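What follows is each chain in one-letter form.
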Amino acid sequence: MKGLIADIGGTNARFALADTNGKVQQVKHFPCRDFPRLADACEAYLTELAATETDFVRPRAAAIAVASPVDSDDVRMTNHVWSFSIEETRRQLQFDTLQVINDFVAVALGLPHLTDDDVLQVGSGIPVARQPMAVLGAGTGLGVSAMLPTGLGWAPLSSEGGHVTAPAVNEREAAVLAVLRGHFGHVSAERIISGPGLVNLSRAIAELDGVGIDPDLTPADCTSRALDQSCHVSTEALNMFAAILGTVAANLAVTLCSRGGVYIAGGIVPRLGDWFLTSPFRQRFEDKGRFGGYLAAIPTYVVTNSHPAFVGLASLVTGRGR
Ligand SMILES: Nc1ncnc2c1ncn2[C@@H]1O[C@H](COP(=O)(O)OP(=O)(O)OP(=O)(O)O)[C@@H](O)[C@H]1O
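Residues numbered from 1 in each chain as written. Predicted model: local features only at pLDDT ≥ 70, side-chain atom pairs only at ≥ 80, totals over all residues. Heavy atoms only, no water.

What follows is about the pattern of salt bridges. Tallied over the full model, the rule gives 13 salt bridges. In this structure, arginine 284 and glutamate 173 form a salt bridge, with 2.7 Å as the shortest nitrogen-oxygen distance. Placement of the pair is arginine 284 in helix H8 (residues 281–286) and glutamate 173 in helix H4 (residues 171–184), with a sequence separation of 111 residues. Residue arginine 284 shares its accessibility class with glutamate 173, and that shared class is buried. Via salt bridges that share partners, Glu87, Arg90 and Arg91 belong to a single interconnected network. (Salt bridge = Lys/Arg side-chain N within 4 Å of Asp/Glu carboxyl O. Helix = DSSP H or I, 4+ residues; strand = E, 2+ residues; numbered from the N terminus. Buried < 20%, exposed > 50% of the residue type's maximum accessible area, 1.4 Å probe, protein only.)

A full pass over the atoms with the stated rule returns 7 aromatic pairs. Pairing phenylalanine 276 with phenylalanine 281 gives two aromatic rings, centres 4.9 Å apart and planes at 35°, and the pair type is tilted. For phenylalanine 276, a relative accessible area of 1% translates into the label buried. Residue class for phenylalanine 281 comes out buried when judged on its relative accessible area of 0%. What links up through ring pairs into an aromatic cluster is the set Phe15, Phe30, Phe35 and Tyr45. (Phe/Tyr/Trp six-rings, centres within 6.5 Å; stacked < 30°, edge-to-face > 60°.)

Bringing the site of the ligand into the picture now. Inspection of the region around the ligand gives 19 residues, with Gly10, Thr11, Arg14, Thr140 and Thr223 positioned closest. A distance of 2.5 Å separates an oxygen atom of the ligand from a polar atom in the backbone of glycine 10. Contact with the protein chains covers 83% of the free accessible surface of the ligand, which is 650 Å². Elements supplying a minimum of two residues to the shell around the ligand: strand S2 (12–18), helix H5 (195–209) and helix H6 (219–227). A class-by-class count of the residues in the shell around the ligand yields 6 nonpolar, 10 polar and 3 charged. Looking at which domains feed residues into the shell around the ligand, each of domain 1 (3–109 + 307–317) and domain 2 (115–304) gives three or more. (Near = heavy atom within 4 Å. Polar contact = N/O pair within 3.5 Å; in protein donor to acceptor, adjacent residues only side chain to side chain. Areas by Shrake-Rupley, 256 points an atom, 1.4 Å probe, with all protein chains shown as cover. Nonpolar A, V, L, I, M, F, W, Y, C, P; charged D, E, K, R; others polar. Domains from an automatic or database assignment.)

On to the environment of phenylalanine 276. As for its position among the elements, phenylalanine 276 is in the loop between strand S12 (261–265) and H8. For the pair phenylalanine 276 and valine 24, spaced 252 residues apart in the sequence, the C-alpha separation amounts to 28 Å. Apart from the residues lying within four places of it in its own chain, the contact partners of phenylalanine 276 are Val122, Ala242, Leu245, Val269, Phe281 and Val302. (Contact = heavy atoms within 4.5 Å.)

With that out of the way, let us pick up the domain arrangement of the protein chain. Domains assigned within the protein chain are domain 1 (3–109 + 307–317) and domain 2 (115–304). Computed from C-alpha atoms alone, the centre-to-centre distance between domain 1 and domain 2 is 27 Å. Of the roughly 1,000 Å² buried where domain 1 meets domain 2, counting both sides, 69% is carbon and sulfur surface. Between the two partners, domain 1 and domain 2, sit 0 salt bridges. Applying the counting criterion to the domain 1 and domain 2 interface returns 2 residue pairs in polar contact (both at pLDDT 80 or more). A per-element tally of the side of domain 1 that touches domain 2 places helix H3 (residues 103–110) first, with 5 residues. A per-class count over the side of domain 1 that touches domain 2 returns 7 nonpolar, 5 polar and no charged. (Buried area = accessible area lost by both parts, 1.4 Å probe.)

Turning our eyes to something else, we now look at the packing of H3 against helix H10 (residues 308–317). The geometry of H3 relative to H10 is characterised by a closest axis approach of 6 Å and an angle of 80° between their N-to-C directions. By the criterion of interaxial angle, the relationship of H3 to H10 is roughly perpendicular. Between H3 and H10, the residues in contact are Asp103, Ala106, Val107, Leu109 and Gly110 and Pro308, Ala309, Val311, Gly312, Leu313, Ser315 and Leu316, respectively. In terms of residue class, the contact of H3 with H10 is made up of 8 nonpolar, 3 polar and 1 charged. (Axes fitted to C-alpha atoms, helices over the stretch in contact; angles between N-to-C directions. Parallel < 35°, antiparallel > 145°, perpendicular 65-115°, else oblique.)

Moving on to H5. Between its first and last C-alpha atoms H5 spans 22 Å; for 15 residues at 1.5 Å apiece the expected length is 21 Å, and the two agree. Among all positions in H5, only Gly195, Gly197, Leu198, Val199, Asn200, Leu201, Ser202, Ala204, Ile205 and Ala206 are buried. Where H5 is buried, its residues contact H4, H6 and helix H7 (232–256). One side-chain oxygen at the N-terminal end of H5 lies 2.9 Å from the backbone nitrogen of glycine 197; it belongs to serine 194. Phi for glycine 210, located one or two positions after H5, is positive at around 65°. (Expected span 1.5 Å × (residues − 1).)

Next up on the list: the sheet that holds strand S9 (residues 133–138). Within a beta sheet, neighbouring strands are joined by backbone hydrogen bonds and run either parallel or antiparallel to one another. With mixed pairing, the 6 strands of this open sheet are ordered in space as S8-S13-S12-S9-S10-S11. Looking along the sheet, the strands with just one partner apiece sit at the ends: strand S8 (119–122) and strand S11 (153–157). Strand-to-strand twist across the sheet, computed as the mean angle between neighbouring axes with direction ignored, equals 25°. Across the sheet, H7 touches S9, strand S10 (142–150), S11 and S12, and the angle it forms with S9 is around 155°. (Pairing = 2+ DSSP bridges.)

A few words on the UniProt feature "binding site: ATP" (unreviewed entry) in the protein chain. When the UniProt feature table is mapped to this numbering, "binding site: ATP" (unreviewed entry) covers Ala6, Asp7, Ile8, Gly9, Gly10 and Thr11. Relative to the helices and strands, alanine 6 is located in strand S1 (residues 3–8). Mapped onto the elements of the fold, glycine 9 is located in the loop between S1 and S2. Sequence-distant contacts of glycine 9, that is, excluding residues within four places in its chain, are made with Arg14, Cys32, Ala67 and Met77. (UniProt positions renumbered as here; feature names shortened; annotations may be inferred.)

Here it is, written out as structure tokens:
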């Protein structure tokens, strides 16, 4: 029987079915804000499937990834208003089993299953087998995780690493961070490396330069204006986003000794296409003083598979985890 899998971010709820071989089918996206509760969004997906599939059988098992810490039955989304009890949701949706994990733990679980078709390498470096693999991804927030080798196979790392303090590597970044500190107090990496972070960067740069900025600027506006080079502020914001992502990724790599590679997922970087390959990201990744050579040997990849969390969730719901 197929299992239900879902990846719930701060903006989007994505659902699918996984068959017994881990094949992902019937992918559908819903905006989180259209539903009062997670259970309502799940029910809407199942109702849609029941209406369109002639041989539809309601799944008995589900694995759901959420963009928040999962350390008890009570789950509260970090970047959305939903909160829910896992057990109550299981009963409401009539599942025999409901596993709920952090969304980047799900992405990490999928890393050993990714193929060359699912990733695009940025810069040089060669992965070392059976060494930690790190992943971070900018979307509504900044997710972080890793797969760690153990004597019994791979183990995913639970992490709230998106909330580390944002690093500044030069005077200009320090000036931008000082502006943001004035607004937020503590400036986490997520305040910069995320969709809202792109807007924060643009506002801070405009404030420093004393120039006006579109009050309704969205993250997508910022990237499109940077990519078509129609706005200096957006161009600098996107370059700074890529550079600071490089520093945060390298900090993670040296912290975990992730010689198996560093993977960049999330909804933003894969949309940047070839621009990201020539962005300041990789140069900044290697810019680590005495550890520059260590980092130059570590490969970095953009995850181009559009649903990497589903790869991990499918392995979980079908019991095929490694
Ligand atoms: N073309 C784009 N350029 C930059 N940012 C974008 C673009 N399109 C969407 N975004 C931003 O990406 C964010 C949504 O990211 P994503 O698609 O990963 O959603 P999510 O899974 O709900 O997020 P998360 O898992 O981080 O909570 C929003 O902040 C949105 O404004």
